[in-house]
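# Breakdown of the fold
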Amino acid sequence: MLMYSSCKQAEPHQDTVDIKTDTNKTTLVEPDGTYKKVQLEKDTIVLKVMQTRVKSLSSFPSIEEGLEENLSYMEHMASQAQNEGHKPDIILFHEFPLTGYSSGTRQEKLPFTIEVPGPETIRIGKIAQACDCYVIFGSYVRDQNWPDHILSINTVMGRDGKIAKTFWKSRNIKRIYKDREITTTTIEAVRDAYRAKYGIEEEFPVLRTEFGNIAVSTVQFDPFIYAAFAMRGTEIMLRTATLFAEEDVVFTAWSNDFYSAMANFTLPVSTGYNAGESVIVGPNGDILAKHPSKEDDGIVEAKIPIAAFRKDRTIPNYALEITKPVFEQYKQEIPINHLDMDKTSLPKTGVEMKSLMDSISRYNPPKTAN
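About the cut-offs
Residues numbered from 1 in each chain as written. Predicted model: local features only at pLDDT ≥ 70, side-chain atom pairs only at ≥ 80, totals over all residues. Heavy atoms only, no water. Helix = DSSP H or I, 4+ residues; strand = E, 2+ residues; numbered from the N terminus. Rg over C-alpha atoms; globule rule 2.2 N^0.38 Å. Buried < 20%, exposed > 50% of the residue type's maximum accessible area, 1.4 Å probe, protein only. Contact = heavy atoms within 4.5 Å. Areas by Shrake-Rupley, 256 points an atom, 1.4 Å probe, with all protein chains shown as cover. Lys, Arg positive; Asp, Glu negative; His and termini not counted. Charge placed at Lys NZ, Arg CZ, Asp CG, Glu CD. Polar contact = N/O pair within 3.5 Å; in protein donor to acceptor, adjacent residues only side chain to side chain. Pairing = 2+ DSSP bridges. Axes fitted to C-alpha atoms, helices over the stretch in contact; angles between N-to-C directions. pLDDT = per-residue confidence, 0-100. Expected span 1.5 Å × (residues − 1). Phe/Tyr/Trp six-rings, centres within 6.5 Å; stacked < 30°, edge-to-face > 60°. 1 Å grid on protein atoms, 1.4 Å probe; cavity = no way out; pocket = protein on both sides within 12 Å on 5 of 7 lines; lining within 4 Å. Points joined across faces, edges and corners; volume = space filled by probe spheres on them. Nonpolar A, V, L, I, M, F, W, Y, C, P; charged D, E, K, R; others polar. Core = buried A, V, L, I, M, F, W, Y, C linked by side-chain atoms within 4.5 Å.

## A look at the overall build of the protein chain
On a plain count of helices and strands, the protein chain comes out with 9 helices and 12 strands. Computed over the C-alpha atoms, the radius of gyration of the protein chain is 20 Å, within 12% of the 21 Å expected from 2.2 N^0.38 for a compact globule of 370 residues. By the burial criterion, 53% of the 370 residues in the protein chain qualify as buried. Contacts spanning at least 24 positions in sequence make up 70% of the contacts within the protein chain whose residues lie at least 6 apart. Element-wise, carbon and sulfur atoms account for 52% of the exposed surface of the protein chain, whose accessible area totals about 17400 Å². Charged side chains in the protein chain number 43 positive and 51 negative. The centres of these two groups are separated by 3 Å.

## Let's talk about the side chain of Thr 266
If you trace the backbone, Thr 266 turns up in the loop between strand S9 (259–263) and strand S10 (279–281). In this structure the side chain of Thr 266 is engaged in a polar contact, spanning 2.8 Å, whose partner is the side chain of Asp 297. Dropping the residues within four chain positions of it, Thr 266 is found in contact with Gln 51, Thr 52, Arg 53, Val 54, Ala 275, Gly 276, Lys 294, Glu 295, Asp 296 and Asp 297.

## Some points on the sheet that holds strand S8 (residues 236–240)
What the 6 strands build is an open sheet, ordered S6-S7-S8-S9-S10-S11; its pairing is mixed. The open sheet has two edge strands, strand S6 (207–209) and strand S11 (287–290), and neither has a second partner. Neighbour to neighbour, the strand axes of the sheet diverge by 20° on average, direction disregarded. Looking at chain direction, strand S7 (residues 212–217) and S8 are connected through 4 bridges and run parallel. The partner of Ala 215 across the bridge, within S8, is Met 237. Here helix H6 (residues 246–256) sits on the sheet in contact with S8, S9, S10 and S11, set at roughly 20° to S10.

## Some details on the sheet that holds strand S2 (residues 90–92)
With respect to topology, 6 strands assemble into an open sheet ordered S5-S4-S3-S2-S1-S12, the strand pairing being mixed. Edge strands, defined here as strands with exactly one partner in the open sheet, are strand S5 (163–168) and strand S12 (298–304). Along the sheet, successive strands turn relative to each other by an average axial angle of 20°, direction set aside. Summarising the sheet, strand S3 (residues 134–141) and strand S4 (residues 151–157) pair through 7 bridges and their orientation is antiparallel. Residue pairing for S4: Val 135 is matched across the bridge by Met 157.

## Considerations on the confidence of the model for the protein chain
Averaged over all residues, the pLDDT of the protein chain is 93; the fraction at 70 or higher stands at 92%. Contacts from residues 1–21, a stretch scored under 50 in pLDDT, to residues over four places away or in other chains number 54 contacts.

## A closer look at helix H1 (residues 63–83)
Here H1 spans 30 Å end to end across 21 residues, near enough to the 30 Å set by a 1.5 Å rise per residue. Buried residues along H1 sit in contact with strand S1 (45–51), S2, helix H3 (119–131), S3 and S12. Just past H1, the residue Gly 85 takes up positive phi, approximately 70°.

## Regarding the packing of aromatic side chains
On inspection of all chains with the given rule, the structure shows 13 aromatic pairs. Here the aromatic rings of Phe 96 and Tyr 140 are separated by 4.6 Å at their centres, their planes lie at 50°, and the arrangement is tilted. Here Phe 96, found in the loop between S2 and helix H2 (106–109), pairs with Tyr 140, found in strand S3; they are 44 residues apart in sequence, far enough to count as distant. For the pair shown, Phe 96 and Tyr 140 are each scored as buried.

## Some remarks on the environment of Arg 232
Looking at the element boundaries, Arg 232 is found in the loop between helix H5 (223–231) and S8. Of the residues examined, Arg 232 reaches a relative accessible area of 18% and is grouped as buried. With 35 residues separating them in the primary sequence, Arg 232 and Leu 267 have C-alpha atoms 35 Å apart. Contacts of Arg 232, omitting those with residues within four sequence positions, involve Thr 27, Leu 28, Glu 201, Phe 204, Pro 205 and Val 206. From its side chain, Arg 232 meets the backbone oxygen of Leu 28 in a polar contact 3.1 Å long.

## Let's talk about H5
All buried positions along H5 are accounted for by Ile 225, Tyr 226, Ala 227, Ala 228, Phe 229 and Ala 230. Two residues or fewer past H5, Gly 233 is found with a positive phi of approximately 105°.

## Digging into empty space enclosed by the protein
All told, the structure shown has 2 cavities of 30 Å³ or more when counted by the stated rule. In this structure, the largest cavity encloses a volume near 50 Å³. The wall of the largest cavity is formed by Thr 166, Phe 167, Trp 168, Ser 170, Ile 187, Tyr 194, Glu 202, Glu 203, Pro 205 and Phe 229. Its residues assigned to classes, the lining of the largest cavity comprises 6 nonpolar, 2 polar and 2 charged. In this structure, the second largest cavity spans a volume of roughly 30 Å³. Lining the second largest cavity, in full, are Asn 172, Lys 174, Ile 182, Thr 184, Thr 186, Ala 189, His 338, Leu 339, Met 353 and Met 357.

## A closer look at the nonpolar core
In terms of nonpolar packing, the biggest core is built from 43 residues, with Val 156 and Leu 238 touching the most fellow members. In contact with Val 156, not counting residues within four places along its chain, are Tyr 134, Val 135, Ile 136, Lys 162, Ile 163, Ala 164, Lys 165, Phe 167, Leu 207, Ile 214 and Val 216.

Below, the structure is given as structure tokens:
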């Protein structure tokens, strides 16, 4: 039985504002290597990563039945995390514990999304209250401010059961498939509109909590994204995945001098997918904990000596000045804001998304997967 308790909270979640931010007047990185933080509640915290099965809402007789089963399973696993091993301070679920992955056109996928906030966040907030910890989960999300867009968002529920922070996915990996591209909307895909609505600080946000500075992302194989999070003061980088490469997590933690974790879902080995094996990694690249199975559900746990880690720490020392001339001349293949369009024009399928990217590619001929 989960027990409820009172708690301290992170900085309050700010409502969005419809103003443009002057980038020249906004301090995103402190020039002396320091970074903002709040006082720690304890010297050592416990992080638990939930490796669980994934069931798509599209596979249930109704969406309501699917959400109920998936929510109940999250509650069951959280209860297990609370009652086995050390008491968790942070519980990290994977990318799709609620909705699973759905295929089809944009209009076919939209029903299999949730709203944040919504009934599901209220229910998961009760899990956070019961465990007296932060609970983090990913999901496909719909938002009336972004009609017909399918968002990939990680939500952080605070110890009071309220939403402490939401993290949009920064960008999708591109050119990984020969015949299609990922259709979800990311910050990069609508960057100017996103910045005008939420502010430039929310492009690489950091949640400063009594357990350390945390950020959450679903991005993979993108060192610039994680360097930006590190520059902003991230101490614990929490990642959600649909499959992943362990080397990516290890190198990212090591090169950016932060703790990191990857929560993956499970699939039968017979499917041929490299699922499972969720990990927690230290800032020196050491694997602190790893689930041994690709297909079995379970919990990965590690203690993080956050006070000792934070003492006299500065942001990482990057070779920015010497590489800056190269970076300034580099042009990424696909321009930002490529999904900032009327909803009737949004690509309906991965094939249409690929056609859009081919048509706006700055590289000639467009890069294709090998």
